[in-house]
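Structural characterization, general
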Amino acid sequence: MSRPVLYYAKLSPPARAVLLTAKAIDLELELKPINLMKGEHLTPEFIKINPQHTIPTLVDGDAVVYDSHAICAYLVEKYANDDQLYPKDLVKRALVDARLHFDSGHLFARLRFLYEPILYYGSTDCSMDKIAYIQKCYEIMEQFLKNEPYLCGDVMTIGDFCCLATVTSVNEVAPIDEFKFPNVLAWLTRMAELPYYMETNEEGAQELKNLFKEKLAENRGAK
(Lines give C-alpha, C1' and ligand atoms only; values in the text may rest on other atoms or scores of the structure.)
Protein backbone atom coordinates (compact mmCIF):
# COMPACT_ATOMS: atom_id res chain seq x y z
CA MET A 1 0.00 0.00 0.00
CA SER A 2 1.37 3.40 -0.95
CA ARG A 3 2.10 5.94 1.75
CA PRO A 4 -0.10 9.01 2.20
CA VAL A 5 1.42 12.05 0.50
CA LEU A 6 1.77 15.28 2.47
CA TYR A 7 2.37 18.57 0.71
CA TYR A 8 4.00 20.69 3.39
CA ALA A 9 6.49 23.35 4.40
CA LYS A 10 8.66 23.09 7.51
CA LEU A 11 8.04 26.71 8.40
CA SER A 12 4.24 26.19 8.37
CA PRO A 13 2.80 25.65 11.88
CA PRO A 14 -0.21 23.70 10.54
CA ALA A 15 2.09 21.41 8.54
CA ARG A 16 4.19 20.76 11.62
CA ALA A 17 1.10 19.80 13.60
CA VAL A 18 0.47 17.08 11.03
CA LEU A 19 4.10 15.92 11.20
CA LEU A 20 3.83 15.67 14.99
CA THR A 21 0.66 13.60 14.66
CA ALA A 22 2.18 11.27 12.10
CA LYS A 23 5.23 10.67 14.29
CA ALA A 24 3.04 10.03 17.34
CA ILE A 25 1.16 7.24 15.54
CA ASP A 26 4.30 5.93 13.83
CA LEU A 27 2.99 6.68 10.35
CA GLU A 28 5.45 7.24 7.53
CA LEU A 29 4.36 9.90 5.06
CA GLU A 30 5.69 10.70 1.62
CA LEU A 31 6.70 14.32 2.04
CA LYS A 32 6.48 16.81 -0.83
CA PRO A 33 7.91 20.21 0.15
CA ILE A 34 6.18 23.35 -1.11
CA ASN A 35 8.01 26.69 -1.09
CA LEU A 36 5.44 29.19 0.14
CA MET A 37 7.71 32.20 -0.33
CA LYS A 38 8.08 31.33 -4.02
CA GLY A 39 4.32 30.84 -4.39
CA GLU A 40 4.46 27.15 -5.25
CA HIS A 41 1.11 26.70 -3.50
CA LEU A 42 -0.46 29.05 -6.07
CA THR A 43 0.43 27.06 -9.18
CA PRO A 44 -2.44 25.70 -11.31
CA GLU A 45 -1.23 22.17 -10.59
CA PHE A 46 -1.50 22.62 -6.83
CA ILE A 47 -4.79 24.53 -6.96
CA LYS A 48 -6.22 21.58 -8.90
CA ILE A 49 -5.44 19.40 -5.87
CA ASN A 50 -6.54 21.96 -3.28
CA PRO A 51 -8.67 24.90 -4.43
CA GLN A 52 -7.92 26.66 -1.11
CA HIS A 53 -4.20 26.35 -1.99
CA THR A 54 -3.33 25.82 1.68
CA ILE A 55 -0.49 23.95 3.31
CA PRO A 56 -0.63 21.20 4.46
CA THR A 57 -2.58 19.09 2.01
CA LEU A 58 -2.85 15.31 2.31
CA VAL A 59 -3.44 12.93 -0.58
CA ASP A 60 -4.24 9.41 0.57
CA GLY A 61 -5.21 7.28 -2.39
CA ASP A 62 -8.32 8.92 -3.83
CA ALA A 63 -8.88 11.02 -0.71
CA VAL A 64 -7.68 14.63 -0.54
CA VAL A 65 -7.80 16.29 2.88
CA TYR A 66 -6.86 19.87 3.65
CA ASP A 67 -6.88 21.95 6.82
CA SER A 68 -4.33 20.64 9.31
CA HIS A 69 -6.94 19.97 12.00
CA ALA A 70 -8.96 17.79 9.64
CA ILE A 71 -5.81 16.00 8.51
CA CYS A 72 -4.68 15.25 12.06
CA ALA A 73 -8.11 13.83 12.93
CA TYR A 74 -8.21 11.81 9.71
CA LEU A 75 -4.78 10.26 10.29
CA VAL A 76 -5.61 9.21 13.85
CA GLU A 77 -8.97 7.77 12.81
CA LYS A 78 -7.47 5.76 9.95
CA TYR A 79 -3.98 4.84 11.07
CA ALA A 80 -3.60 5.02 14.88
CA ASN A 81 -3.68 1.87 17.01
CA ASP A 82 -5.94 3.58 19.56
CA ASP A 83 -8.04 6.71 19.93
CA GLN A 84 -6.03 8.50 22.63
CA LEU A 85 -5.00 11.39 20.39
CA TYR A 86 -8.54 11.89 19.08
CA PRO A 87 -11.07 10.08 21.32
CA LYS A 88 -14.16 8.39 19.96
CA ASP A 89 -16.07 9.26 23.13
CA LEU A 90 -18.28 12.19 22.10
CA VAL A 91 -17.69 14.31 25.19
CA LYS A 92 -13.91 13.87 25.07
CA ARG A 93 -13.88 14.43 21.32
CA ALA A 94 -15.89 17.62 21.67
CA LEU A 95 -13.22 18.97 24.03
CA VAL A 96 -10.46 18.14 21.54
CA ASP A 97 -12.49 19.74 18.76
CA ALA A 98 -12.87 22.86 20.89
CA ARG A 99 -9.08 23.09 21.26
CA LEU A 100 -8.65 22.63 17.51
CA HIS A 101 -11.08 25.49 16.90
CA PHE A 102 -9.25 27.55 19.52
CA ASP A 103 -6.08 27.12 17.51
CA SER A 104 -7.65 27.90 14.13
CA GLY A 105 -9.93 30.70 15.30
CA HIS A 106 -7.71 32.38 17.88
CA LEU A 107 -4.08 31.29 18.12
CA PHE A 108 -3.19 30.72 14.48
CA ALA A 109 -5.54 33.45 13.26
CA ARG A 110 -3.69 35.99 15.40
CA LEU A 111 -0.27 34.71 14.35
CA ARG A 112 -1.36 35.08 10.73
CA PHE A 113 -2.74 38.57 11.40
CA LEU A 114 0.74 39.61 12.56
CA TYR A 115 2.98 37.54 10.27
CA GLU A 116 1.30 37.50 6.87
CA PRO A 117 1.46 41.25 6.04
CA ILE A 118 5.15 41.30 6.95
CA LEU A 119 6.11 38.08 5.17
CA TYR A 120 4.21 38.71 1.95
CA TYR A 121 3.18 42.35 1.60
CA GLY A 122 6.08 44.47 2.80
CA SER A 123 4.39 45.64 6.01
CA THR A 124 6.37 47.05 8.94
CA ASP A 125 3.51 46.76 11.43
CA CYS A 126 4.67 44.74 14.43
CA SER A 127 2.66 46.81 16.90
CA MET A 128 2.20 46.11 20.59
CA ASP A 129 -1.54 45.79 19.93
CA LYS A 130 -0.98 42.82 17.63
CA ILE A 131 1.46 41.23 20.06
CA ALA A 132 -0.89 41.73 23.02
CA TYR A 133 -3.71 40.23 20.94
CA ILE A 134 -1.68 37.02 20.65
CA GLN A 135 -0.73 37.06 24.33
CA LYS A 136 -4.41 37.15 25.32
CA CYS A 137 -4.55 33.58 24.01
CA TYR A 138 -1.95 32.60 26.60
CA GLU A 139 -4.37 33.78 29.32
CA ILE A 140 -6.96 31.31 28.04
CA MET A 141 -4.43 28.49 27.73
CA GLU A 142 -3.24 29.13 31.27
CA GLN A 143 -6.77 28.29 32.43
CA PHE A 144 -6.94 25.19 30.20
CA LEU A 145 -3.76 23.97 31.90
CA LYS A 146 -4.57 25.09 35.44
CA ASN A 147 -5.16 21.60 36.81
CA GLU A 148 -4.10 19.40 33.90
CA PRO A 149 -0.81 18.62 32.14
CA TYR A 150 -2.32 18.81 28.64
CA LEU A 151 -4.88 21.02 26.94
CA CYS A 152 -7.63 18.41 27.11
CA GLY A 153 -6.78 16.76 30.42
CA ASP A 154 -4.29 14.15 31.54
CA VAL A 155 -3.46 12.76 28.09
CA MET A 156 -1.92 14.37 25.04
CA THR A 157 -4.14 14.88 21.98
CA ILE A 158 -3.98 16.41 18.53
CA GLY A 159 -5.24 19.59 20.20
CA ASP A 160 -1.85 19.83 21.90
CA PHE A 161 0.01 19.30 18.63
CA CYS A 162 -1.89 22.00 16.76
CA CYS A 163 -1.59 24.61 19.51
CA LEU A 164 2.04 23.69 20.15
CA ALA A 165 3.05 24.26 16.53
CA THR A 166 1.46 27.72 16.59
CA VAL A 167 2.75 28.89 19.98
CA THR A 168 6.32 27.85 19.29
CA SER A 169 6.20 29.81 16.03
CA VAL A 170 5.40 33.12 17.72
CA ASN A 171 6.72 32.89 21.29
CA GLU A 172 9.77 35.07 20.60
CA VAL A 173 7.74 37.87 19.03
CA ALA A 174 4.93 37.54 21.60
CA PRO A 175 6.84 36.35 24.69
CA ILE A 176 5.23 34.15 27.33
CA ASP A 177 5.61 35.80 30.73
CA GLU A 178 6.92 33.21 33.22
CA PHE A 179 5.05 34.79 36.12
CA LYS A 180 1.72 35.19 34.35
CA PHE A 181 1.75 31.93 32.41
CA PRO A 182 3.72 29.26 34.30
CA ASN A 183 1.34 26.50 33.22
CA VAL A 184 1.79 27.35 29.55
CA LEU A 185 5.58 27.28 29.91
CA ALA A 186 5.45 23.99 31.81
CA TRP A 187 3.29 22.54 29.03
CA LEU A 188 5.77 23.71 26.38
CA THR A 189 8.61 22.07 28.31
CA ARG A 190 6.60 18.87 28.61
CA MET A 191 5.84 18.78 24.89
CA ALA A 192 9.47 19.53 23.99
CA GLU A 193 10.47 16.28 25.69
CA LEU A 194 8.83 14.24 22.92
CA PRO A 195 11.59 12.30 21.14
CA TYR A 196 10.43 13.56 17.74
CA TYR A 197 9.83 17.17 18.81
CA MET A 198 13.06 18.72 17.51
CA GLU A 199 12.90 17.34 13.97
CA THR A 200 9.16 17.72 13.48
CA ASN A 201 8.57 21.10 15.13
CA GLU A 202 11.42 23.07 16.67
CA GLU A 203 13.55 23.37 13.56
CA GLY A 204 10.67 24.65 11.44
CA ALA A 205 9.39 26.96 14.17
CA GLN A 206 12.80 28.58 14.47
CA GLU A 207 13.03 28.87 10.69
CA LEU A 208 9.73 30.78 10.60
CA LYS A 209 10.70 33.09 13.48
CA ASN A 210 14.02 33.87 11.83
CA LEU A 211 12.32 34.55 8.50
CA PHE A 212 9.83 36.88 10.19
CA LYS A 213 12.62 38.90 11.82
CA GLU A 214 14.56 39.10 8.54
CA LYS A 215 11.53 40.24 6.53
CA LEU A 216 10.57 42.81 9.17
CA ALA A 217 14.08 44.29 9.11
CA GLU A 218 14.11 44.20 5.32
CA ASN A 219 10.73 45.92 5.07
CA ARG A 220 11.74 48.61 7.56
CA GLY A 221 14.97 49.20 5.69
CA ALA A 222 13.08 49.69 2.44
CA LYS A 223 10.90 52.47 3.86
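Quick caveat, the model's predicted, so the values are computed rather than measured.

Some details on the UniProt feature "domain: GST C-terminal" (unreviewed entry) in the protein
As recorded in UniProt, the sites labelled "domain: GST C-terminal" (unreviewed entry) are residues 89–212. Helix makes up 69% of residues 89–212 and strand 0%, and the two end C-alpha atoms of the span are 40 Å apart.

Considering the UniProt feature "domain: GST N-terminal" (unreviewed entry) in the protein
Under the local residue numbering, the UniProt record ascribes the feature "domain: GST N-terminal" (unreviewed entry) to residues 2–83. The span residues 2–83 carries 37% helix and 20% strand; its end-to-end C-alpha distance comes to 23 Å.

Describing the sheet that holds strand 2 (residues 30–33)
Read across the sheet, four strands follow the order 2-1-3-4 without closing on themselves; strand pairing throughout is mixed. Edge positions in the sheet fall to strand 2 and strand 4 (63–66), since each has one partner strand and no second. This sheet shows a mean twist of 20° between the axes of neighbouring strands, independent of strand direction. Inspection of the sheet shows strand 3 (residues 57–60) paired to strand 4 by four bridges, in the antiparallel sense. Along strand 4, the bridge assignment pairs Val59 with Val64.

Overview of unusual backbone geometry
A cis amide bond links Ile55 to the next residue, Pro56, at an omega of 5°. Position of Pro56 relative to the elements: it lies in the loop between helix 2 (44–49) and strand 3. You will see that Asp26, though not glycine, has its phi angle at about 60°, which is positive. Here Asp26 lies in the loop between helix 1 (13–24) and strand 2. In the Ramachandran plot, Asp67 falls in the positive-phi region, its phi being about 85° despite a non-glycine side chain. Relative to the elements of secondary structure, Asp67 occurs in the loop between strand 4 and helix 3 (68–79).

Describing the pairing of strand 1 (residues 5–8)
On strand 1, burial covers both faces: Val5 and Tyr7 on one face and Leu6 and Tyr8 on the other are all buried. In this structure, strand 1 lies alongside strand 2, joined through four bridges in parallel fashion. Paired with Val5 across the strands is Glu30, a residue of strand 2. The parallel pair strand 1 and strand 2 is bridged by helix 1, and the resulting crossover is right-handed. Of the pairings in the sheet, the one linking strand 1 to strand 3 comprises three bridges and is antiparallel in character. Within strand 3, the residue paired with Tyr7 across the bridge is Thr57.

Definitions and cut-offs
- Residues numbered from 1 in each chain as written.
- Predicted model: local features only at pLDDT ≥ 70, side-chain atom pairs only at ≥ 80, totals over all residues.
- Heavy atoms only, no water.
- UniProt positions renumbered as here; feature names shortened; annotations may be inferred.
- Helix = DSSP H or I, 4+ residues; strand = E, 2+ residues; numbered from the N terminus.
- Pairing = 2+ DSSP bridges.
- Axes fitted to C-alpha atoms, helices over the stretch in contact; angles between N-to-C directions.
- Buried < 20%, exposed > 50% of the residue type's maximum accessible area, 1.4 Å probe, protein only.
- Right-handed = clockwise from strand over helix to strand, strands pointing away.

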